[in-house]
Amino acid sequence: MTAANRIVGATVWTGEHTLHDAEIVWSVETGTIEYVGPSRGPAGDGDIDGTGRLVLPGFVNGHTHAGMGVLRGYSDDVHLHTWLGHVRAIELRMTADDILAGLRLAMAEMLRSGTVGFVDMFEWTTPLLGAVVDAGLRVNAAPTVFAYDAVAFPSAATATGAQVLDATPGLAAEFAGEQRITVTYGLHAPYTCPPEMLSDVAARRADNGIGIQIHLSETRREVAESLEQWGVSPIRHVADLGLLPGRLHVAHAVHPEPGDLGLLAGPGVTVSHNPVSNLKLGAGIAPVPEYLAGDVALGLGTDSVASNNTLDMYEELKTAILLPRGVANDPQVITGRSVLKMATAGSAKALDQGLSGVLAIGEQADLQVLDVSGTTAAPFTDAVSFACYAARGSDVTDVVIAGRVVVSGGRCLTIDEDAVRAEVTERATRLRGELADGDPRPVRS
Ligand SMILES: [Zn+2]
């Protein structure tokens, strides 16, 4: 393991301003930054030479299902509700080892493209959280339920939704000593979880302080069905049941109804904007400029590789900047800088680990280093411009999380990428084969 704790001679965007020929020093013991400022001398042995390099705060992916790594490229061109059926057919057959392999692949991809943490809804167990600890990433992990009696992942785990909810505080307590691991309740959506379950989990949160993640208002169909069934939008529906305000992380919020924006801007609430997934599934375009103007705490996320199909936050960043401009026919409706902050400080808030997304003395040393010496960065004059419009995940050379170097020279130090790639390919082939063979298990749980 590289024990570097200093970068010298780099351009640094701290999250607030740009420094040239700058130096960053952090403590490997505490994981916090001890110096950010002008370079005080040349790079020494063990330092990261920042010549031709740009340092940014690490990205936090605001919404993922990392354990779905085996599903990349599966069910590409259908509506969400058809897609959910296709994905469910595979998920029901996934073993604990299929999920672990997919998670490790996703983590390798995230690390290699500058992501230091992710906010995730899926199957979460002690071994899966242990894999995150080993990889060195941060996670806010929500073991996700669909209903009290539904078994979400029968081949991987036989716990019903009721059992998963009861076990979630124990899992949180088990990892309470890990500053990079947060465990929250995971409610799939108001169209899968019944009202009594939503209000029950709100009461559990009030009792034990454990936060909640949920998908809300992803498609017009979801909103129309909620209006028909409950007489209110999905966002108002969960607010009426006690989930809003409070520590709630919302994925999507693509189609707010009148009054919903004020609920999303309530205390404790964070929202992940996932534009590529929303476009790929034809779900729609979230009103991001209105959310920013209305003080909604917005982060940026990719969703899973089955609905994206990459975890590269640079692609998400550029899409999120360009999309509202095309809708409004106005290039000034949103700035690149504001979306870059969504991908760093914004999503970091949803992690709920005190990560600021800013590189400053006393803050966590969570950063990414990009190679800006190549053709696609020249002339390199503006760090924010490059990050927002020209950079790709493959430009990332080094990643530091809580003071630990986890990517060095473009190589992931904590995951054997060749091995996990081969393993996921083999497992994905087997799962697709089971479906083709007409496995008799039902398509939906
Ligand atoms: Zn999702």
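Remember, it's a predicted structure, so these values are computed and weren't measured experimentally.

A closer look at the overall build of the protein
Looking only at helices and strands, the protein has 14 helices and 18 strands in total. Taken against the 2.2 N^0.38 rule, which gives 22 Å for 445 residues, the C-alpha radius of gyration of the protein at 21 Å falls within 12% of a compact globule. Principal-axis analysis of the C-alpha atoms gives the protein an extent of 65 × 45 × 45 Å. Within the span of the protein, comprising 445 residues, buried residues form 59% of the whole. Across the protein, contacts joining residues at least 24 apart in sequence account for 73% of those joining residues at least 6 apart. Computing the positive centroid from 31 side-chain charges and the negative centroid from 53, the protein places the two 2 Å apart.

Considerations on the packing of helix α11 (residues 313-328) against helix α12 (residues 336-351)
Running from N to C, α11 and α12 point in directions that differ by 140°, and their axes come no closer than 10 Å. If you check the angle between α11 and α12, you find them oblique. Viewed along their axes, α11 and α12 form a crossing whose handedness is right-handed. On α12, the residues touching Met-313, Leu-317, Ala-320, Ile-321 and Arg-325 of α11 are Gly-336, Val-339, Leu-340 and Ala-343. Looking at side-chain class alone, the contact of α11 with α12 contains 7 nonpolar, 1 polar and 1 charged residues.

Topic: the coordination of the zinc ion
Binding of the zinc ion to the protein goes through His-63 (NE2), His-65 (NE2), His-215 (NE2) and Asp-303 (OD), at separations of 2.0 to 2.8 Å. Considering all 4 donor atoms around the zinc ion, the spread of angles at the metal, 79 to 177°, places the coordination shape in the irregular class. Here the donor residues of the zinc ion share one chain and are spaced in sequence as H-x1-H-x149-H-x87-D. Of this pair, His-65 sits in the loop between β6 (59-64) and α1 (80-91) while Asp-303 sits in the loop between β14 (298-300) and α11, placing them 238 residues apart in sequence. A single burial state applies to His-65 and to Asp-303, both of which are buried.

A few points about the domain arrangement of the protein
Taken domain by domain, the protein holds domain 1 (6-57 + 360-412) and domain 2 (59-351). For domain 1 and domain 2, the distance between their C-alpha centres works out to 29 Å. The interface is formed by 28 residues belonging to domain 1 together with 26 residues belonging to domain 2. Both sides together, the interface formed by domain 1 and domain 2 hides about 2100 Å², and carbon and sulfur atoms give 59% of it. Three residues, Cys-388, Tyr-389 and Ile-401, lead the burial of domain 1 against domain 2; their summed loss comes to 26% of the area buried on that side. Summed over the shared surface of domain 1 and domain 2, the result is 1 salt bridge. A salt bridge links Arg-138 to Asp-366; its shortest N-O distance comes to 2.6 Å. Inspection of the region where domain 1 meets domain 2 yields 8 residue pairs in polar contact (both at pLDDT 80 or more). Contributing elements (two or more residues each) for the side of domain 1 that touches domain 2: β5 (53-57), β15 (367-371), α13 (383-390), β16 (396-401), β17 (404-408) and β18 (411-412). In terms of residue class, the side of domain 1 that touches domain 2 is made up of 18 nonpolar, 5 polar and 5 charged.

Focus on the pattern of salt bridges
Considering all chains together, one arrives at 18 salt bridges under this definition. Taken together, the shared-partner salt bridges in this structure form one network comprising Asp-98, Glu-423, Arg-427, Arg-430 and Glu-434.

A few points about a nonpolar patch on the surface
The grouping of Leu-279, Ile-285 and Val-327 at the surface amounts to a nonpolar patch, some 250 Å² of accessible area in total. Note on Ile-285: relative accessible area 38%, which makes it partly exposed.

What about the nonpolar core?
Grouped together as the largest cluster of nonpolar side chains are 121 residues, with contacts concentrated most on Met-107, Phe-118, Trp-124 and Leu-187. Top element by residues in this core is helix α2 (residues 96-112). It accounts for 9 residues. Of the domains in this structure, domain 1 (6-57 + 360-412) and domain 2 (59-351) are the two that each give at least three residues to this core. The contacts of Met-107, once residues within four sequence positions are left out, are Phe-118, Ala-131, Val-132, Ala-135, Leu-137 and Ile-415. Among the nonpolar cores identified, the runner-up in size contains 17 residues, and Ala-4, Ile-24, Trp-26 and Val-369 belong to it.

Brief notes about the packing of aromatic side chains
If you walk through the whole model with that rule in mind, you get 4 aromatic pairs. Between Phe-59 and Tyr-314 the ring centres are 4.7 Å apart and the planes differ by 70°, which places this aromatic pair in the edge-to-face class. Here Phe-59, found in strand β6, pairs with Tyr-314, found in helix α11; they are 255 residues apart in sequence, far enough to count as distant. Across from the ring centre of Tyr-35, 3.6 Å away, lies the NZ or CZ of Arg-40, which sits over that ring. Between Arg-88 and the ring centre of Phe-153, over which it is positioned, the NZ or CZ distance is 5.6 Å.

Details of the environment of Ala-293
Its location among the elements puts Ala-293 in helix α10 (residues 288-293). Residue classification places Ala-293 among the exposed positions, given a relative accessible area of 67%. In this structure the C-alpha to C-alpha distance between Ala-293 and Gly-177, which are 116 residues apart in sequence, comes to 37 Å.

Brief notes about the pairing of strand β8 (residues 138-145)
Burial within β8 is extensive, with 8 of its 8 residues counted as buried. Of the two faces of β8, both are covered, the one formed by Arg-138, Asn-140, Ala-142 and Thr-144 as well as the one formed by Val-139, Ala-141, Pro-143 and Val-145. As paired elements, strand β7 (residues 115-122) and β8 share 6 bridges and run parallel to each other. Bridged to Phe-118 within β8 is Val-139. Regarding topology, helix α3 (residues 126-135) serves as the crossover connection from β7 to the parallel β8, and that connection is right-handed. Bridge count for β8 against strand β9 (residues 181-183) is 3 bridges, and the pairing is parallel. Bridging from a neighbouring strand, Asn-140 pairs with Thr-182 of β9. Of the strand pairs in this sheet, β8 and strand β10 (residues 185-187) are connected by 2 bridges, and their pairing is parallel. Residue pairing for β10: Thr-144 is matched across the bridge by Gly-186.

How each quantity is defined
- Residues numbered from 1 in each chain as written.
- Predicted model: local features only at pLDDT ≥ 70, side-chain atom pairs only at ≥ 80, totals over all residues.
- Heavy atoms only, no water.
- Helix = DSSP H or I, 4+ residues; strand = E, 2+ residues; numbered from the N terminus.
- Rg over C-alpha atoms; globule rule 2.2 N^0.38 Å.
- Buried < 20%, exposed > 50% of the residue type's maximum accessible area, 1.4 Å probe, protein only.
- Contact = heavy atoms within 4.5 Å.
- Lys, Arg positive; Asp, Glu negative; His and termini not counted.
- Charge placed at Lys NZ, Arg CZ, Asp CG, Glu CD.
- Axes fitted to C-alpha atoms, helices over the stretch in contact; angles between N-to-C directions.
- Parallel < 35°, antiparallel > 145°, perpendicular 65-115°, else oblique.
- Left-handed = near helix turned anticlockwise from the far one by under 90°.
- Nonpolar A, V, L, I, M, F, W, Y, C, P; charged D, E, K, R; others polar.
- Donors = N, O, S within 2.8 Å, 3.2 Å for Na, K, Ca; no water.
- Tetrahedral: all angles 85-135°; square planar, octahedral: opposite > 155°, others 65-115°.
- Domains from an automatic or database assignment.
- Buried area = accessible area lost by both parts, 1.4 Å probe.
- Salt bridge = Lys/Arg side-chain N within 4 Å of Asp/Glu carboxyl O.
- Polar contact = N/O pair within 3.5 Å; in protein donor to acceptor, adjacent residues only side chain to side chain.
- Patch = residues over 30% accessible without salt bridge, like charges linked within 9 Å, V, L, I, M, F, W, Y side chains within 5 Å.
- Areas by Shrake-Rupley, 256 points an atom, 1.4 Å probe, with all protein chains shown as cover.
- Core = buried A, V, L, I, M, F, W, Y, C linked by side-chain atoms within 4.5 Å.
- Phe/Tyr/Trp six-rings, centres within 6.5 Å; stacked < 30°, edge-to-face > 60°.
- Lys NZ or Arg CZ within 6 Å of the ring centre and 35° of its normal.
- Pairing = 2+ DSSP bridges.
- Right-handed = clockwise from strand over helix to strand, strands pointing away.

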